[in-house]
Amino acid sequence: MANSTRQGEREYQLVILGASGFTGQFVVEEVARVEDSDDFRGPGLRWAVAGRNKKKLEEVLQWASERLSKPQLRTDVGIIICDVSDPPSLAEMCKKASVVLDCVGPYRFYGEPVVKACIENETHCVDISGEPQFLEGMLLKYDNQAAEKGVYIVGSSGFDSIPADLGVIFTRNSFKGTLTAVESFLSFKSGPKGTCIHDGTWQSAIHGIADQGNLRKLRKQLAYKPLPAVGKKIKKRGAFFYSDEMKEYAIPFLGADSSVVRRTQHYLHESLKETPVQYAAYVSVGGLTSLITLMFAGFLFMFFTKFSFGRKLLIKYPKFFSFGYFSREGPTQEQMA
């Protein structure tokens, strides 16, 4: 209770760290939009944006104010200057916030200082990481410290892995009977302007694939017991297969979804004695031509991630090696629309 009281007295209820980044700017826009919607109840939100460059933060607020026709954003939203490589500045930011929403990735390089500062200053932390090694590493290293401080560290609160994790819970709660297994399929749809993804995701994938050995060691330290399979054991699919459900070829989804759902199911089973749900995640890739192209690109990707010079090339030329699907600029407004 004392922790909650102190947080209630802080200058800001929410601080968006990395607000001037590609993803951060849209988080700023969404917070501003929700604050004025019918879904938001209570007095106005006390919030701020944080990052290294004051001018860029001001530009983000200007951009969001024009898109939403809310000129007051430029004066009502606070600005905090801090850097993840500068612990004192992170501490000062955390002391002003009840919750920090961390949008600075790749998290394997920039995430831990934020988690550490939040715990030390009794500030809740939410991130949008899709990096299993970071998520599980923070759990192993900081779980006890966070619990002692009464601080919540909530990872993967974005595309990875809210649809998967909450989707399984929603399906279980809506299911008449005992839900024993779920398979999810991710499919992409693009308009006439095509599809593009920001290269922050690309970089996370490169480093994640290259460092799989350390992830395996980390999971041995976590020492999760295998979950009991209730009912029929879920069928393990191959490296690629034709999906009768999606009517196209599919491959296993390499994001954080499976590990996040598995961790949640471990908690629900071991702590709350609930029936665990088996889960597998896949992504649809289209017809045979698309599958062959993806397999070729995947082979090159896996090969280059094995070597330092290869990883540097992949990071330097994301558009070339991803056949245009990833770029430093990210998707245009038309593509996102």
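Residues numbered from 1 in each chain as written. Predicted model: local features only at pLDDT ≥ 70, side-chain atom pairs only at ≥ 80, totals over all residues. Heavy atoms only, no water.

An unreviewed UniProt entry lists the protein under the name Saccharopine dehydrogenase-like oxidoreductase, with Hymenochirus boettgeri given as the organism. You can read under Sequence similarities (unreviewed entry) in the UniProt record for the protein the words "Belongs to the saccharopine dehydrogenase family." (UniProt positions renumbered as here; feature names shortened; annotations may be inferred.)

Mapped onto this numbering, the UniProt entry annotates "transmembrane region" (unreviewed entry) at residues 279-304. Annotated as residues 279-304, this span is 65% helix and 31% strand, and its ends, taken at the C-alpha atoms, are 30 Å apart. (Helix = DSSP H or I, 4+ residues; strand = E, 2+ residues; numbered from the N terminus.)

Further remarks concern the sheet that holds strand β1 (residues 12-17). Spatially, β3-β2-β1-β4-β5-β6 is the arrangement adopted by the 6 strands of the open sheet, whose pairing is parallel. Since the sheet does not close on itself, it has two edges, and those belong to β3 (78-81) and β6 (153-154), each with one partner. Bridge count between β1 and strand β2 (residues 47-51): 4 bridges; the pairing is parallel. Its bridge partner being in β2, L17 is matched across the sheet by A50. (Pairing = 2+ DSSP bridges.)

Further remarks concern the nonpolar core. Counting residues in hydrophobic clusters, the biggest one holds 18 residues, and the most contacted among them are V15, L17, L90, M93, V100 and V114. Counting only elements with at least two residues in this core, the list comes to β1, β2, α5 (87-95), β4 (97-102) and α7 (112-120). Dropping the residues within four chain positions of it, L17 is found in contact with A50, G51, C82, V84, L90, M93, V100, L101, D102, C103, V104 and V114. (Core = buried A, V, L, I, M, F, W, Y, C linked by side-chain atoms within 4.5 Å. Buried < 20%, exposed > 50% of the residue type's maximum accessible area, 1.4 Å probe, protein only. Contact = heavy atoms within 4.5 Å.)

Taking strand neighbours across the sheet as the criterion, the 4 strands line up as β7-β11-β10-β9 in an open arrangement whose pairing is mixed. The outermost strands of the open sheet, each flanked by one partner alone, are β7 (181-186) and β9 (241-243). The sheet shows a mean angle of 45 degrees between the axes of neighbouring strands, direction not considered. The pairing of β7 with strand β11 (residues 278-286) spans 6 bridges and is classified as parallel. Among the inter-strand pairings, A181 is bridged to a residue of β11, identified as Q278. (Axes fitted to C-alpha atoms, helices over the stretch in contact; angles between N-to-C directions.)

Note that side chains of opposite charge can pair when their charged atoms are close. What the rule picks out here adds up to 12 salt bridges. Between E120 and K116 there is a salt bridge whose closest N-O contact spans 2.6 Å. You can see E120 and its partner K116 sitting in helix α7, 4 residues apart, about one turn around the helix. Residue E245 is joined to R237 by a salt bridge in which the shortest nitrogen-to-oxygen separation is 3.1 Å. Residue classification places R237 among the partly exposed residues on the basis of a relative accessible area of 21%. Ionic contacts of the salt-bridge type, sharing partners, join the residues E35, D36 and K70 into one network. (Salt bridge = Lys/Arg side-chain N within 4 Å of Asp/Glu carboxyl O.)

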